[in-house]
Amino acid sequence: MTYQNYSLSQLQAIDAAHHLHPFTDHRELRGVGARMIVRADGAFIYDSDGNEILDGMAGLWCVAVGYGREELAKVAYDQMLELPYYNSFFKCSTPTPVLLAQKLAEIAPKSINQVFFGSSGSESNDTALRLVRHYWTLEGKPQKNRIISRHNAYHGSTVAGVSLGGMEHMHGQLGGPVPNIVHVMPPYAFELAEPGESDDAFGLRAARSIEDAIIEAGPDNVAAFIGEPVMGAGGVKIAPGNYWPEVQRICRKYDVLLMLDEVITGYGRTGNWFAAETCGVEPDMITTAKALTSGYLPLSALLVGDRVASTLVEKGGEFHHGYTYSGHPVACAVGLRNLEIIEREGLVERVRNDTGPYFEQQLAERISGHPLVGETRALGLMGAIEIVRDKTTRERYLPAGSAAVVVRDHAIANGLMMRATGDTMILSPPLIWTRDTIDLACGKIVKALDLALADLRGK
Ligand SMILES: Cc1ncc(COP(=O)(O)O)c(C=O)c1O
């Protein structure tokens, strides 16, 4: 049975009858029918109407090496025939997670040498929450269990992920978060800086909201701070340069562990293997997923620093935690080969030295002057465009979020997949994008903005 035997409308009808989608208003979706993406190659995806769409989101922040990599399919095929599955419980292991863990220890910051595998970013954060609390219990401080996160953070969709995250609409549907998680302000200068406040002053103020939360709880009660180096789903919020070093200083001062959620930023997106390096910090743990396999198979890796790992090992006792697919042999084989491709093609260096700076410059030169745009910003191959009604006052269109959706729909109709989150347009393309691809994307963005401006006139 292949999908080619079905028409688009048949597939949409079956989709509507049986398939519940993530983060979707199903009544609305069923009114219009799902866009059916049927194949992809390199930097492009293709829908069932034959439209070619430049993928500005790398799938969902994950397809780093682009689509159609035969060697990833081949390595999965070979591994499936040799050993499709075996677990890592009960004192067993299989070769590919062993070798992938070794590779991750090689590319991770130098104080990180241990890896716990799962299948998604949410699972990785779930594990981090469990491990950090277990760590302090092993250290004889079970009351040191509070975790500080930030409003509008996204850490996934499991109960722990939603609780760690700072999305109020998600908390609202949870019916009560995991206890002892508090949220402080995000480093989002575009909306939160006071008039006339410098970037540096804002960066310090945002970081010190963490210190305030630590002091309020009492340092003996605070286990860790968790943050995305760049807040992705919240709108590609890039902190001022002094924010992360100050966060590190505060965490060290109060003996609070620093956990980075690099589910988006890991494996090259900011121009280093990990954004920890880009931000100039040494975290105790890093959660990763997505680009680890370029999305070809589900896989996540929690990178555990020496401090936590040595307590876990030396104090002994079972850590009652794990997943059937922890260290899945096929996903790990794909992960290994994917990292080899990133290395062989020099994608991390290319983002750092060439495409990343060019992307930032092109957004600034070609997009930021548009009447609908309040600001553009980028770090590596992550970018944001703030949509405003008035460039000088930064007033937004009402209702909130309505204008960005107009821009997004024009972008997709003109062959560029972009995402709108609130009033922010975001981009996170495959790391294989070249200067030419960036030029192509910018042309499409300008066109989408012009068309949206015409639609929004008078609103
Ligand atoms: C920063 C961050 N953390 C965690 C997650 C959750 O990952 P997953 O959807 O694989 O569970 C995401 C997903 O986008 C993310 O952006």
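See above for the structure.
Keep in mind that this is a model prediction, so the values were computed, not measured.

S.K.: How should I be thinking about helix H10 (residues 199–217) in this particular structure?
M.R.: Its 19 residues place the ends of H10 28 Å apart at the C-alpha level, agreeing with the 27 Å of an ideal helix rising 1.5 Å per residue. Restricting attention to buried positions, one finds in H10 the residues Phe-202, Gly-203, Ala-206, Ala-207, Ser-209, Ile-210, Glu-211, Ala-213, Ile-214 and Ala-217. Along its buried surface, H10 packs onto strand S5 (146–150), strand S6 (181–184), helix H9 (189–192), strand S7 (222–227) and helix H11 (243–253). Of the residues flanking the end of H10, it is Gly-218, one or two places downstream, whose phi is positive at about 90°.

S.K.: Explain the sheet that holds strand S14 (residues 382–387) here, please?
M.R.: The strands making up a sheet associate through hydrogen bonds between their backbones, and the pairing can be parallel or antiparallel. Taken together, the four strands give an open sheet; going across it, the order is S13-S14-S17-S16, and neighbouring strands pair in antiparallel fashion. The two strands at the open ends of the sheet, each matched to only one other strand, are strand S13 (373–379) and strand S16 (419–421). The mean angle between the axes of side-by-side strands here comes to 25°, regardless of whether they run parallel or antiparallel. Pairing analysis gives three bridges linking S16 to strand S17 (residues 424–427), with the strands arranged antiparallel. Residue pairing in the sheet places Arg-419 in a bridge with Ile-426 of S17. Relative to S13, helix H15 (residues 347–367) is tilted by about 170°, and along the sheet it contacts S13, S14 and S17. Against the sheet, helix H16 (residues 402–413) touches S14, S16 and S17, its axis set at about 40° to S17.

S.K.: Could you clarify how one ought to interpret the layout of surface pockets in this entry?
M.R.: Rolling a probe over the atoms, with the probe sized like a water molecule, indicates the empty space that remains. If you add up the space inside the second largest pocket, you get close to 980 Å³. Forming the walls of the second largest pocket are 27 residues, and the residues nearest its centre are Ser-88, Val-115, Phe-116, Phe-319 and His-321. Every element with two or more residues in the lining of the second largest pocket is listed here: helix H5 (95–107), strand S4 (112–118) and helix H13 (306–315). At four residues, the largest contribution of residues to the lining of the second largest pocket is made by S4. The residue inventory of the lining of the second largest pocket, partitioned by class, reads 15 nonpolar, ten polar and two charged.

S.K.: Quick question: what am I supposed to make of the environment of Arg-377 here?
M.R.: Relative to the elements of secondary structure, Arg-377 occurs in strand S13. Along the sequence, Arg-377 and Leu-292 sit 85 residues apart, while their C-alpha atoms lie 25 Å from each other. For Arg-377, the residues in contact, after removing those within four places along its chain, are Tyr-188, Phe-190, Gly-235, Val-236, Lys-237, Ile-238, Leu-363, Met-382, Gly-383, Ala-384, Glu-386 and Thr-424. In terms of polar contacts, Arg-377 uses its side chain to reach the backbone carbonyl oxygen of Gly-235, at 2.9 Å. Side chain to side chain, Arg-377 and Glu-386 meet in a polar contact 2.8 Å long.

S.K.: Explanation requested: the pairing of S5 in the structure shown.
M.R.: As a general feature of sheets, a regular strand has side chains that alternate between the two faces. Counting buried positions along S5 gives four out of five residues, so the element sits mostly inside the fold. Bridge count for S5 against S7 is three bridges, and the pairing is parallel. Within S7, the residue paired with Ile-147 across the bridge is Ala-224. Where S5 meets S6, four bridges bridge the pair, whose relative direction is parallel. Each residue of the ladder has a partner; that of Ile-147, found in S6, is Ile-181.

S.K.: How should the nonpolar core be read in this particular structure?
M.R.: Burial of nonpolar side chains together is a common tendency in soluble globular proteins. Leu-104, Phe-225, Trp-244 and Tyr-267 are the most contacted members of the largest nonpolar core, which has 89 residues in total. Among the elements that make up this core, the one with the highest residue count is helix H17 (residues 435–456) (nine residues). With sequence-adjacent residues up to four places away left out, Leu-104 is seen in contact with Val-115, Phe-117, Tyr-267, Leu-292, Ala-301, Leu-303 and Leu-339. Core analysis: the next-biggest nonpolar cluster, separate from the first, contains 22 residues, Leu-129, Trp-136, Ile-181 and Ala-309 among them.

S.K.: When you look at unusual backbone geometry in this model, what are you seeing that I'm missing?
M.R.: Generally, phi is negative for residues other than glycine and the peptide bonds are trans, each holding for most cases. Cis peptide bonds are those with omega within 30 degrees of zero, and the linkage from Leu-398 to Pro-399 qualifies with -5°. As for its position among the elements, Pro-399 is in the loop between S14 and H16. A positive phi angle is found at Asn-180, which is not glycine, with a value near 65°. With respect to the helices and strands, Asn-180 occurs in the loop between helix H8 (168–174) and S6.

Cut-offs applied
Residues numbered from 1 in each chain as written. Predicted model: local features only at pLDDT ≥ 70, side-chain atom pairs only at ≥ 80, totals over all residues. Heavy atoms only, no water. Helix = DSSP H or I, 4+ residues; strand = E, 2+ residues; numbered from the N terminus. Expected span 1.5 Å × (residues − 1). Buried < 20%, exposed > 50% of the residue type's maximum accessible area, 1.4 Å probe, protein only. Contact = heavy atoms within 4.5 Å. Pairing = 2+ DSSP bridges. Axes fitted to C-alpha atoms, helices over the stretch in contact; angles between N-to-C directions. 1 Å grid on protein atoms, 1.4 Å probe; cavity = no way out; pocket = protein on both sides within 12 Å on 5 of 7 lines; lining within 4 Å. Points joined across faces, edges and corners; volume = space filled by probe spheres on them. Nonpolar A, V, L, I, M, F, W, Y, C, P; charged D, E, K, R; others polar. Polar contact = N/O pair within 3.5 Å; in protein donor to acceptor, adjacent residues only side chain to side chain. Core = buried A, V, L, I, M, F, W, Y, C linked by side-chain atoms within 4.5 Å.

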